[in-house]
Amino acid sequence: MVEHGEIRVVHRGGSKINFRQPVITNDSRFLLCASGQCVKVFSTSTEECIHDLRGHTDLVTGVLLKPSNHLQVYSCSVDGTVKLWDFTDGILIKTYVIGYPIYSIRASAKHEGVFFVVIPKKGDKRSEFFQLVAIHTSLSGDQIVEVQELSDVLGDVSSDPAAIHFGKGGEYIASVKGLQLEVYFFRKNKAFRFYLKESDKKGGKNTFTCVSCHPKEDCIATGHEDGKIRLWRNFNHSKEYTYSTLHWHHNAVSSLCFTPEGTNLLSGGIESVLVQWRYDQESQRDFLPRLGAAITHIAVSPDGALFCTSHSDNKITIIQSCVKVSAVIQGLVKGDSVRTDLLVDPRSKSLVLNGKPGHLQFYSLQRDKLLYNLDIVQQEYIHESGLQQFEVVKAAFDASGSWLATVEERKQKVTELELNLKLWAFDEQTQSFVLNTTISAPHEDRITAMCFCHTTDSETSMVVSTSRDGHFKAWQLATPANSEDEGPSWSCDFVGAYHSLVPECCCFSADGSLLAVSFQEVVTVWSPASWELLTTLSQPPGAIRNLCFGRLSCSKYLLGTTANNLLCCWNLLTCSLEWSTSMDVSLLLADPLSENMSAFCCQAGNTDLFVFKPSEPRPLFSHKAICSGKVTRAVFAPREEMLESCDENSQWLNRSQLYFLTQYMDLMTFTTKAEEDHLMASSKQHEIDDSVAMTPFYLLLGKHRQQENQEKPSSLSAERTPVPQGSVAIKELLQTPAHVLPSTSFLCSMVVQSLLISVKDSREENKQAEEEMESEKEEEDSEEEMESSILKPTQPESAGAEAAESAVPALTKAQHRDLRRLKKLDHSWLSGLLDP
Amino acid sequence: MGEFKVHRVRFFDYMPSAIRAMALNRFTERLALVRADGALEIFCFADNYFQEKVIPGQEGRAVEALCWVGQRLFSAGLNGEITEYDLENLRPLYTVEAYGGPIWTISSNSQGTLLAVGCEDGTVKIFEVLEGRIQFQRNLDRQKGRIISLSWHPSGAQIAAGMMDMIRIFDAETGHATHRLLVERGVGASKSKEVVVWSIVFLSDHTIISGDSAGKVQIWDGFTGTLVRTHLVTKWDVLALSVSHDESSLVAGTSEGTVTQFQFLSPNVGQQEKEWVRTRTFKNHSHDVRALAHTDIAVVSGGMDTQLVVRPLLDKVEKNTRESAQRKIAFPHRNLVCCAKKAGLLLFQFPDHLEVWRIGESDGQGKPGDSLPVKRNPEKLVQLKIKGKDHICCSALSPCGGWLAYSTVSSVRLYRLQCDSLSITKISRLPKELCWAHQLCFSSDSSKLFASVSNSSVIVAALNQLECKYLHTLKPKSGSRQPVHLLQASEDGKWLAAANTDCEVHVYDLSKLKLHCTVPVYSSCPTALAINPTTSNLVVVHADQQIFEYSLRQKEYTEWSRKLQKQGLHFLWLERDTPITNVTFNPKNSAHIILHDTFMFCIIDQSLPLPESKTVLFNQMTLRSLPEAERKQHSHAFKISKNYQHLLCVNLLEDHSLVVVERPLLEIMSQLPAPVRQKKFAT
């Protein structure tokens, strides 16, 4: 088999934004957070992602504002590099190559030109032990700097970035690991270590979880696994240190943060309550409850106006002055596992899967944004570890997306299994799903599979569920006979069983005329119209794992995989086995828009993908080792616009796109080269339009552009004169990193020049338009233009000539003339210089 | 270890009394504490927190406050009297009426020349401390409302007084109030209630710290009379405050049973400015913490739950030393149980009555560890209520069970007891020398009564049928004025050993009625002693857990004792925090010494090798699992059993059965009143 270079497996959306502590910029306008292999820049006011800082080739493990320049940000990654970015424009300024995986980054204003990173103990990349090293940045202008010199600071630290924090003014650094707090004073070059006992008398666990230092006083706050917060003082004595204890959290404190003035201490944990402790007055505390999910990180903006909390459900909440949630940035919610299959909502074309506990989430793949959560369980979620709560385990859509069936279950140790089957109708008015029918205890045991009958024309909707209790049940929508006010509801239509075997999978054929249910090793085919057992297919040995009908031209085929590593294809016309092949298929999936089927095979710890048509012996596409581990969830998502690829290999991606979840819950997809190029191009264009931040230069240039537009409202956009030559200089100016720019005086003249050119251009155009005008008048005109364009930045409203004149009343006639002459000289000289 | 039939006695309803107040004497390192029944106890902190002296209480003596002036101890109470105690004869020395109604507080200036008492009528009365007495000097300006707490400025020029809703600062020279600091009331429902300033501390930098009934610890500037900081410590009351001598640390005791520490720290390392920061919280009590003392290395707290807790401050002590261990002193360091070995009777001493019980009997046989069926239940034979107001200070039951004696600070009473016919007759005529006693003891043949009186001397009185006759007074040569706290006659009737709180042990020859020898004085106070009847060796156990064996015949330490001292005791033995309170011998095996503390009893087999520092001290369970042959190798001299806990007495009866008197702490706890309501998480 040939590796296909042009189809790549890529991360597409849904990456974690709660992995590391987010960073709020000095002006509180942007929020930066590590997200997969890039750093995302969000607007704090609109919640929109402004741009990504792409460049790392592995997981980004830390984002940090450069202390000496608040417009630049460091990011570190497991790929062994630290990159310095200009985050407003998204420009990579520098790359420091460290050569070891980096787990977190710290810096302090006191240590200029130094940043501190946590790397594994030297010489061993897989080491369990980590150390904090200082890296001195040289002032070289190179884009890529190989860092040779690493100086050790602390020997044994935790890889968690919350476990290291700089103290007041960067004089010392505090690090916690296990049961030890270590404080290292830079000036005295001395470390103090403080140990706690494993547990106190009451059995509370004393293990440190996080640390934070007071910005103004010598006080270190540490969080502990039993929910206590300790405030350490006098820690420059190895014996006379002291601490006080604050206790509100009932479970581990996951994050601590002092406000910039040090007046408040913020803490959070699994309770999903942000607690604000008044420093020095610890008995007074404020709470911001009901934040939705466990708090994983807390960050405060440098001016203290904004707090932001990351949550375990991949969410960032921005809070204004501890009282009001002002914005919520929600990523794809990923738990430890997805119990429901990956689904695609036929209406919104969004990806549907388990979200918050008891919810289904609708995630737009195109926009990489969570659309909404649908509360399935409709019960209060209690934030406590170890508590068994209702979980959504199955969900299915019908073909048109007007019905949704969900199954929720709760298994407690002592009580019996609780099951609910819920059917939801799409409400056109509210544009969301409304609960139609709840069937409690639809089966006596776990539901193993559920599917809708995918007919588009029939009036009757039907859903089939199979259960471990040995039955499969068909549920049908029926209008109640007697009551008029109630709408139609769902009821059980048929209960089927086969030799008291346990049904595992079920599948409807594309036209809805056949239902295949697998009972361990036997596949039974039923007619849903009459509930007649049509035939049984069995291909010993091995229990059936997946079952799939072929589509379109291949609809006569039924495919199944068995536990004995066989992929079988039955011909339903002859009721015989058409072909079978030996492969360990973990997931078999049919593309709803084509005949293609995809099979994920697990081999030697890696997963391979095969895309094939049941009728053809050769696979259309195969890709070895798409990821490590087993793939158990995947889905074909229809494309918004079809691709026109004619390449044989990538044809199967034309109509729909294949998404899958790896064992680490990463959402991956396949892209073609063409698609990628297209994407790149569009993002580039986007960047040019949008990347100009609100700098003084932008104001100048923006006004200038506005003015252009105002002056030539009649000219069609197609005929618009090309961007003036001078603006190339400005563009260059805005895009070049600040440190490589020449001196301001030089720049100033460049800008002025560019502006002058544009005026001349317009003047000439005017000339062309009004050729019959008197020369005197013309000169006046041009002069007015000139004045107004120069004065624009200070007088934004003055577009008219009168305003410009009134603004320069002091000029005498002679001066006017002089100016005009000067300008004329200028123009000719410059145009000669600049026109190629 | 040997096998015994054990009488497990749990019918001694000993109930300690709540701790009311305490006072620490920094120079002698002694802590005086007073309980709700008026009993005064003196603990020597230098000597392993040993309870040196006990002065029994008195009905109706409600002591509210204690105060040391040099070596002298004063108390004041709600009966409106100031009492000075005679610590050598363990009795109140004199009582002075203050004429100001109930007294809430007493405090002396640092020079030890003046005493100030705060009275219910709003006056602060100054008494001059004179040789052997105190004399009223004057009243400070009378205030409206009672004076609850007082604190002198270390210079002695000013006094701060905590009152209802306010704090007053008086000029000690003029007697005029110079400042009035208004204390804010609690919020909510308690707004209408007056706030009580329970405790106040005046620091040398003129900072005043107050603790009040609204749960606040407030820090005031004494110059300007302004509030500096408020720390809300509890929802209930802050009852006690205590500051360390160097004024760098302060502790506050609350009604919730917590003790909160405040430290005087500089917020920035290396700067001079300091402020009071709340740091640690200790929770060692279930009830109100009424009394607190801050030593240099530890916080001592006591309260309603009757336990004295010594909580070391880990920043002041070395780790894993004897000082770094927390101590809870729940039981007195002396015997409240007297066992008549021959008659099988037990005498229980309560503050205001005595009980005599006959222990049960059983004829069943069983394997070791079985509980045998009881043939005859234990029964209470006598309950003897005392006459008068004074509480019992000591009591004794003769080994034959025929005599019962007890003493209060004012009188000694002797009774003839007939258990068979259940009659008790008071011996009305006692020798006039026998007016009160620190310790009482009968000889083993019940023919003599020994009573220790003042100046460490012992009175010997002969008993016959219904008569008590004075024989002799035994006097030590040292001329010590300290009271005898241990008195023990030997089984064979030859010797009498008496130990006093000067750590002297005198042994008298009873046949010659004169001093036989004085055991070389050891620095720690003896906690238990006994004379081995077969070998005439005196075994003395000291408060620092050392054991000495002294041969009375040779007048020198025995070979075994020297070996023990040379090798040293096992570190686990030395780390135990309760003293040995009783020593007895096994008459069947003279090499066995039986001793016990609160949490274990131990049989020392002098024939076995002493444990090395590496050997397992508590090895009885492992020995049991070993085969017979191997046991020999692993066994050592200290055979310790922890099967019985909270022991008040372990004694061997004549029929070779062991009496174990237990008083489980949980039973004491269950008899305490309900603590203040506290919100517990998840309830």
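Residues numbered from 1 in each chain as written. Chains lettered and ligands numbered in written order. Predicted model: local features only at pLDDT ≥ 70, side-chain atom pairs only at ≥ 80, totals over all residues. Heavy atoms only, no water.

Asks: Tell me about the overall build of chain A, and please be specific about residues and values.
Replies: Check the secondary structure of chain A and you find 7 helices and 57 strands. By the burial criterion, 51% of the 836 residues in chain A qualify as buried. The long-range fraction of contacts in chain A, counting pairs at least 24 apart against all pairs at least 6 apart in sequence, stands at 44%. Working note: accessible area of chain A is about 39400 Å², and carbon and sulfur atoms make up 50% of it. (Helix = DSSP H or I, 4+ residues; strand = E, 2+ residues; numbered from the N terminus. Buried < 20%, exposed > 50% of the residue type's maximum accessible area, 1.4 Å probe, protein only. Contact = heavy atoms within 4.5 Å. Areas by Shrake-Rupley, 256 points an atom, 1.4 Å probe, with all protein chains shown as cover.)

Asks: Just give me the short version of the overall build of chain B, but keep the residues and values in it.
Replies: Scanning chain B for helices and strands turns up 5 helices and 55 strands. For 683 residues, the compact-globule estimate of 2.2 N^0.38 gives 26 Å, and chain B sits close to it at 27 Å. Across its three principal axes, chain B shows a C-alpha extent of roughly 75 × 60 × 45 Å. Looking at chain B as a whole, 59% of its 683 residues are labelled buried. (Rg over C-alpha atoms; globule rule 2.2 N^0.38 Å.)

Asks: Before we move on, can you summarise the nonpolar core with the specific residues and values?
Replies: With 23 residues, the main nonpolar core has I547, W573, V583, L595, I604 and F638 of chain B as its most contacted residues. Those elements giving two or more residues to this core turn out to be β46 (526–531), β47 (537–542), α1 (559–567), β50 (582–586), β51 (589–596), β52 (601–605) and β53 (638–641) of chain B. (Core = buried A, V, L, I, M, F, W, Y, C linked by side-chain atoms within 4.5 Å.)

Asks: Got a sec to walk through the packing of aromatic side chains? Specific residues and values, please.
Replies: For the structure on display, the rule yields 55 aromatic pairs over all chains. Ring geometry for W248 of chain A versus F287 of chain A: centroids 4.9 Å apart, planes at 40°, classification tilted. Of the two residues, W248 of chain A sits in the loop between β22 (242–247) and β23 (253–258) while F287 of chain A sits in strand β26 (residues 285–288), which places them 39 residues apart along the sequence. Between F472 of chain A and W531 of chain A, the ring centres sit 6.3 Å apart and the planes meet at 50°, which makes this aromatic pair tilted. Of the two residues, F472 of chain A is situated in strand β41 (residues 471–478) and W531 of chain A in the loop between β45 (522–527) and β46 (532–538); the sequence distance between them amounts to 59 residues. Using a relative accessible area of 13% as the deciding quantity, one classes W531 of chain A as buried. Ring pairing ties together the aromatic residues F11, F12, Y14, F331, F348, F350 and W357 of chain B, which thus form one cluster. Taking NZ or CZ as reference, R91 of chain B lies 4.9 Å from the ring centre of W436 of chain B, over its face. (Phe/Tyr/Trp six-rings, centres within 6.5 Å; stacked < 30°, edge-to-face > 60°. Lys NZ or Arg CZ within 6 Å of the ring centre and 35° of its normal.)

Asks: I'd like a rundown of the sheet that holds strand β7 (residues 72–77) of chain B, residues and numbers included.
Replies: All names here are of chain B. The 4 strands lie next to each other as β6-β7-β8-β9, forming an open sheet whose pairing is antiparallel. In this open sheet, the two strands that pair with only one neighbour each are β6 (63–69) and β9 (91–97). Geometrically, the sheet is characterised by an average inter-axis angle of 25° between neighbouring strands, direction not taken into account. Two elements, β7 and strand β8 (residues 81–86), share 3 bridges in a ladder whose sense is antiparallel. For S75, the partnering residue across the bridge sits in β8 and is T83. (Pairing = 2+ DSSP bridges. Axes fitted to C-alpha atoms, helices over the stretch in contact; angles between N-to-C directions.)

Asks: Give me the lowdown on the side chain of S350 of chain A, citing residues and values where you can.
Replies: Residue and element names in this part refer to chain A. In this fold, S350 is placed in the loop between β31 (343–344) and β32 (351–354). Judged by its relative accessible area of 0%, S350 falls in the buried class. Contacts of S350, omitting those with residues within four sequence positions, involve L343, V344, D345, F362, Y363, S364 and L371.

Asks: Quick rundown of the interface of chain A and chain B? Include the residues and the values.
Replies: In this assembly, 19 residues from chain A lie in contact with 22 residues from chain B. Summing the contributions of chain A and of chain B, the shared interface buries around 1800 Å²; its carbon and sulfur component is 44%. Summed over the shared surface of chain A and chain B, the result is 1 salt bridge. Linking R229 of chain B and D280 of chain A is a salt bridge whose minimum nitrogen-to-oxygen distance equals 3.9 Å. Sort the elements by how many residues they give to the side of chain A that touches chain B and β22 of chain A lands first, with 4 residues. (Buried area = accessible area lost by both parts, 1.4 Å probe. Salt bridge = Lys/Arg side-chain N within 4 Å of Asp/Glu carboxyl O.)

Asks: So, unusual backbone geometry: which residues are in play, and what are the values?
Replies: Residues and elements named next belong to chain B. One non-glycine residue, T306, adopts positive backbone phi at about 70°. With respect to the secondary-structure elements, T306 resides in the loop between β27 (298–303) and β28 (308–312). On the basis of relative accessible area, T306 is assigned to the buried category, the value being 3%. Backbone geometry at H646 places phi at a positive 55°, although glycine is not the residue there.

Asks: Which residues make up empty space enclosed by the protein, and what values go with them?
Replies: Residue and element names in this part refer to chain B. On inspection of all chains with the given rule, the structure shows 11 cavities of 30 Å³ or more. Y14, D37, E41, R334 and P351 are, among the 24 residues lining the largest cavity, the residues nearest its centre. Breaking the lining of the largest cavity down by element, the ones donating at least two residues are β4 (40–44) and β5 (50–55). Considered class by class, the residues forming the lining of the largest cavity number 15 nonpolar, 5 polar and 4 charged. (1 Å grid on protein atoms, 1.4 Å probe; cavity = no way out; pocket = protein on both sides within 12 Å on 5 of 7 lines; lining within 4 Å. Points joined across faces, edges and corners; volume = space filled by probe spheres on them. Nonpolar A, V, L, I, M, F, W, Y, C, P; charged D, E, K, R; others polar.)

Asks: How would you summarise the side chain of Q143 of chain B if you had to cite specific residues and measurements?
Replies: All names here are of chain B. Here Q143 shows up in the loop between β13 (133–139) and β14 (149–152). A relative accessible area of 9% places Q143 in the buried class. At 3.3 Å, the side chain of Q143 and the backbone oxygen of D141 are in polar contact. Q143 has contacts with D121, G122, M163, R168, F170 and A177, leaving out every residue within four places of it along the chain. (Polar contact = N/O pair within 3.5 Å; in protein donor to acceptor, adjacent residues only side chain to side chain.)

Asks: Lay out the confidence of the model for chain A with the relevant residues and their values.
Replies: All names here are of chain A. In this model, chain A carries an average pLDDT of 78, and 78% of its residues clear a pLDDT of 70 or more. Scored below 50 in pLDDT, residues 712–726 makes 10 contacts in the model with residues more than four places away or belonging to other chains. Within the model, the stretch residues 769–808 combines pLDDT values under 50 with 34 contacts to residues more than four positions away or in other chains. (pLDDT = per-residue confidence, 0-100.)

Asks: Before we move on, could you go through the pattern of salt bridges and cite the residues and values that matter?
Replies: Residues and elements named next belong to chain B. Under the defined criterion, the tally for this structure stands at 39 salt bridges over all chains. The salt bridge partner of E64 is R20, with a shortest N-O separation of 3.8 Å. A residue pair is termed long-range when its members are at least 10 positions apart, and E64 in strand β6 and R20 in strand β2 (residues 19–25) qualify at 44 residues.

Asks: Which residues make up the environment of V147 of chain A, and what values do they have?
Replies: Residue and element names in this part refer to chain A. With respect to the helices, strands and loops of the structure, V147 is situated in the loop between β13 (144–146) and β14 (150–157). You can call V147 buried: its relative accessible area is 11%. Spatially, the C-alpha atoms of V147 and H136 are 8.3 Å apart, while their sequence positions differ by 11 residues. Residues in contact with V147, not counting those within four places in the same chain, are Y96, V97, I98 and I135.

Asks: Which residues make up a positive patch on the surface, and what values do they have?
Replies: Taken together, K110, R187, K188 and K190 of chain A make up a surface patch of like positive charges. Relative to the assigned elements, K190 of chain A resides in strand β18 (residues 190–195). (Patch = residues over 30% accessible without salt bridge, like charges linked within 9 Å, V, L, I, M, F, W, Y side chains within 5 Å. Lys, Arg positive; Asp, Glu negative; His and termini not counted. Charge placed at Lys NZ, Arg CZ, Asp CG, Glu CD.)

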